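A look at the structure
This is what each chain is made of:
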Number of protein chains: 2
Amino acid sequence: MRRPTLHAVAARAGVSKSSVSRVINGEPTVAPAIREIVMAAVAELGYVPNGAARNLVTQRTNTIAIIVSDPPAGLVSDDPMFAMVVRAASRELESAGKQVSLMLAGSDESRLRVEKSLAAGDVDGAILVSMDGADPLPAILSRTGLPIVSHGRLATPGLMPWVDNDNHGGATAAVQHLLAQGRRRIATISGPLDMTAAQERLTAYRETLKDTGRRSIVALGDFTRISGADSMRQLLEDDPDLDAVFAANDLMAIGALRTLRQAGRRVPDDVAVIGFDDIEAALYAAPALTTIRSPMTAQAVQTTQLLLNLLTHGSADPVVLPTELIIRESA
Amino acid sequence: MRRPTLHAVAARAGVSKSSVSRVINGEPTVAPAIREIVMAAVAELGYVPNGAARNLVTQRTNTIAIIVSDPPAGLVSDDPMFAMVVRAASRELESAGKQVSLMLAGSDESRLRVEKSLAAGDVDGAILVSMDGADPLPAILSRTGLPIVSHGRLATPGLMPWVDNDNHGGATAAVQHLLAQGRRRIATISGPLDMTAAQERLTAYRETLKDTGRRSIVALGDFTRISGADSMRQLLEDDPDLDAVFAANDLMAIGALRTLRQAGRRVPDDVAVIGFDDIEAALYAAPALTTIRSPMTAQAVQTTQLLLNLLTHGSADPVVLPTELIIRESA
DNA sequence: AAGCGGTCAGGGAACGTTCCCTGAGGCAGA
DNA sequence: TCTGCCTCAGGGAACGTTCCCTGACCGCTT
């Protein structure tokens, strides 16, 4: 009781398998009468072309890998970025008729798996999501010659096209907003410095403060809520007189709000807080979080389009998307 | 400049392709001398077996589909559930040596794509995530005869094994906690009623209140923050004297907190709020959210294991995981 | 009326594996 | 020494498509 093959359909319809193949693939050079009889046989037998056989002969799989760097297991990872980026990219790929293969790249073992899978021809191309700068994967994978794009700029330039948002401009706007409010001791909670987004946001913070002759106060987080809370505690200890904090993403800003609340500091009266990303939770924070909106969904969509272009036209250029200051209550 | 094939490796090593195949697949019946010479040739040529050819002849793909119901495009969807479940299931599948194919099932079109893909033999099995009861997909897919399991109980029983958490027990505990605090007018914000989790939580709420002779006050949400905020507004309008709210998930509870804050009600003094799920954001809410912990990661892991069992042993039974009351500040 | 071009169906090789089957060779037992 | 068994390498069919190439047939032009 096997699934019907092209051959079975051809026999049923009384035509050659070439003709059936032509009908299935919508080729125009087939007589209406034959087309009809074949379609009837297909419907009758419930025929669906075998994917593996097709992949083998065409040397393509119609599948795109979404490769996401995975934190060590056990870590809480309800990262809104993951959900939004993976969802948006998948949607876009699916409506372009591509299948989506999700690969997590955490351990060395999993990185090897990814490498083999691309080498095995399991996919036609790949989207790399938020690789950190220390990760050797982008360099290795770019050597396969497959079309690959990156969601987020890579530490090593020139390996592949990418789409990122204007981290430098956004962070500059954030710090300038705090300065414009008359804040004098402005600290920052940075992301992990092996990620370019974290680097760019930190650099912009430093440069903007330097221009006004103020000193930097930096705590190092890792883009999670808990690291934001911890970093905020640290900052309060180091510099009890600070009156503003720029967190390199909203998750850490939300963690910082919690610490400030526990420490009895009023936001924004005692300490202003500004985040980055404008995730939905920012609107529901207490007080509602002032932040820099980064177009997450648009970025994912553009990254996908970049790959699709690369697939069809063979070339693609990096893209930088603008950010926007969203003023709410926290700063 | 093609990628090397089994044939090329065989020629290079001076053995038959059968022997190479045996070495690649780790079969024991091969002489050490041959094994060594083959491995050397493999390394030298950088050979990686072609996935499509292997899939074709073995009639298996080593790929599992994760099928997630997708809200209409445009909707904000940073759902922590998506991230945690997809991540945990992927990790588990990958460490079992399976590839992961992610499929979104939103529109009729995408549902058809999923159906065809399973029929085409693109995957060896599938995990359905949080299908709503109105979705015809589970019934259709279960007819393919492929091993399929569901993350979350389905409306139609018996179609396939599933793993769920104890929604009824959890919701009962939540309402009893509010009662024990002396709350008298306890409202609920329900999830979308075509999802079994929402149904079960609502039923438990109703039954528990009925046992103490109190009346139900129900608003209908859809598991998003904004619907929680809207429903809370509605509830305050309908019954200004309510002194407690049980939200069917944390996201809606967080939305409700915002509305209460805007309405000037103190939590928990004026109104107690309790959620469900214990997502990480619950800890960072202001006030910190009392909630029912549902073991999201464990549920995803167990669902995956259930599928892997089904694949190897051919049978599997439904699983219900316990929940736990987490008392914080909001109730 | 004959030739030529164009349209469209069919045959069959090829894609790169796995796996069954055959058979070679070696070793032990009689 | 010969037979028989056991181990292990090689040959080749099969998996289910696509696509190239051949050739039939029809209609139009000269």
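What you are looking at is a predicted structure, and each value in this text was computed from that prediction instead of being measured.

**Focus on the packing of helix 5 (residues 80-95) of chain A against helix 13 (residues 296-313) of chain A**
All names here are of chain A.
- Contact geometry for helix 5 and helix 13: axes closest at 8 Å, N-to-C directions at 40°. What the angle tells us is that helix 5 and helix 13 run oblique. Viewed along their axes, helix 5 and helix 13 form a crossing whose handedness is right-handed. Across the interface between the two elements, Met81, Met84, Val85, Ala88, Ala89, Glu92 and Leu93 of helix 5 pack against Met296, Thr297, Ala300, Val301, Thr304, Gln305 and Leu308 of helix 13.
- Its residues assigned to classes, the contact of helix 5 with helix 13 comprises 10 nonpolar, 3 polar and 1 charged.

**Remarks on the relation of the copies chain A and chain B**
- Aligned on chain B, chain A shows an RMSD of 0.1 Å; the corresponding rotation is 180° and the shift along the axis is 0.0 Å. What the rotation and shift describe, once combined, is the action of a two-fold rotation axis. When C-alpha positions in chain A are compared against the rotation axis, the closest is assigned to Ser101(A), at 2.2 Å.
- The fraction of interface residues of chain A whose copies in chain B are also interface residues reaches 100%, indicating that both copies meet through the same surface.

**Let's talk about the domain arrangement of chain A**
Residue and element names in this part refer to chain A.
- Assigned domains of chain A: these are domain 1 (6-49), domain 2 (63-163 + 297-320) and domain 3 (167-293).
- The centre of domain 2, based on its C-alpha atoms, is set 29 Å off from the matching centre of domain 3.
- Contacts between domain 2 and domain 3 engage 10 residues on the former and 7 residues on the latter.
- Of the roughly 700 Å² buried between domain 2 and domain 3, counting both surfaces, carbon and sulfur atoms make up 53%.
- Counting across the domain 2 and domain 3 interface gives 1 salt bridge.
- Here domain 2 and domain 3 share 3 residue pairs in polar contact (both at pLDDT 80 or more) between them.
- The residue makeup of the side of domain 2 that touches domain 3, split by class, is 4 nonpolar, 2 polar and 4 charged.

**Brief notes about the pattern of salt bridges**
- In total, this model carries 32 salt bridges over all chains according to the counting rule given.
- A salt bridge links Asp70(A) to Arg87(B), with the shortest nitrogen-to-oxygen separation between them at 2.7 Å. Of this pair, Asp70(A) sits in the loop between strand 1 (63-69) and helix 5 while Arg87(B) sits in helix 5 (residues 80-95), on two different chains. Accessibility assignment for this pair places Asp70(A) and Arg87(B) in one class, buried.
- When the shortest N-O distance is used, the salt bridge between Arg12(B) and Glu44(B) registers 2.6 Å. Here Arg12(B), found in helix 1 (residues 6-13), pairs with Glu44(B), found in helix 3 (residues 32-45); they are 32 residues apart in sequence, far enough to count as distant.
- Put simply, Asp278(A), Arg293(A), Glu324(A) and Arg328(A) are held in one network by salt bridges that share partners.

**So, the pairing of strand 1 of chain A**
All names here are of chain A.
- Burial runs high along strand 1: 7 of the 7 residues are buried.
- Residues Thr63, Ala65, Ile67 and Ser69 line one face of strand 1 and the alternating positions Ile64, Ile66 and Val68 line the opposite face, and both faces are buried.
- For strand 1 and strand 2 (residues 99-105), the ladder comprises 7 bridges, and the chain directions are parallel. Within strand 2, the residue paired with Thr63 across the bridge is Gln99.

**Things to note about the protein's contact with DNA strand C**
- Of all residues adjacent to DNA strand C, which total 28 residues, the nearest are Ser16(A), Ser18(A), Ser19(A), Leu6(B) and Ser21(B).
- Take Ser16(A): an N or O atom from its main chain is 2.9 Å from a phosphate oxygen of DNA strand C.
- Within the side chain of Ser19(A), one N or O atom sits 2.9 Å away from a phosphate oxygen of DNA strand C.
- Broken down by secondary-structure element, the contributors of at least two residues to the surface near DNA strand C are helix 2 (17-24) and helix 4 (51-58) of chain A together with helix 2 (17-24) and helix 4 (51-58) of chain B.
- Ranked by the residues each element gives to the surface near DNA strand C, the list is headed by helix 4 of chain B, at 5 residues.
- Looking at the surface near DNA strand C residue by residue, the class counts come to 12 nonpolar, 11 polar and 5 charged.

**Re helix 4 of chain B**
- Where helix 4 of chain B starts, the residue carrying a side-chain oxygen 2.9 Å from the main-chain nitrogen of Ala52(B) turns out to be Asn50(B).
- One or two residues past the end of helix 4 of chain B sits Gln59(B), with phi positive at roughly 65°.

**Things to note about the interface of chain A and chain B**
- Taken together, the 59 residues of chain A in the interface contact 59 residues of chain B.
- Taking both sides of the interface into account, the surface hidden between chain A and chain B amounts to around 5100 Å²; carbon and sulfur atoms contribute 52%.
- Between Glu280(B) and Arg225(A) there is a salt bridge, with its nearest N and O atoms 2.7 Å apart.
- Where chain A packs against chain B, one counts 32 residue pairs in polar contact (both at pLDDT 80 or more).
- Elements that contribute at least two residues to the side of chain A that touches chain B include exactly helix 4, strand 1, helix 5, strand 2, helix 6 (108-119), helix 10 (225-238), helix 11 (250-262) and helix 12 (280-284) of chain A.
- Class assignment of the residues belonging to the side of chain A that touches chain B gives a composition of 29 nonpolar, 15 polar and 15 charged.

Cut-off values and rules
Residues numbered from 1 in each chain as written. Chains lettered and ligands numbered in written order. Predicted model: local features only at pLDDT ≥ 70, side-chain atom pairs only at ≥ 80, totals over all residues. Heavy atoms only, no water. Axes fitted to C-alpha atoms, helices over the stretch in contact; angles between N-to-C directions. Helix = DSSP H or I, 4+ residues; strand = E, 2+ residues; numbered from the N terminus. Parallel < 35°, antiparallel > 145°, perpendicular 65-115°, else oblique. Left-handed = near helix turned anticlockwise from the far one by under 90°. Contact = heavy atoms within 4.5 Å. Nonpolar A, V, L, I, M, F, W, Y, C, P; charged D, E, K, R; others polar. Least-squares fit on C-alpha atoms with pLDDT ≥ 70 in both. Domains from an automatic or database assignment. Buried area = accessible area lost by both parts, 1.4 Å probe. Salt bridge = Lys/Arg side-chain N within 4 Å of Asp/Glu carboxyl O. Polar contact = N/O pair within 3.5 Å; in protein donor to acceptor, adjacent residues only side chain to side chain. Buried < 20%, exposed > 50% of the residue type's maximum accessible area, 1.4 Å probe, protein only. Pairing = 2+ DSSP bridges. Near = heavy atom within 4 Å.

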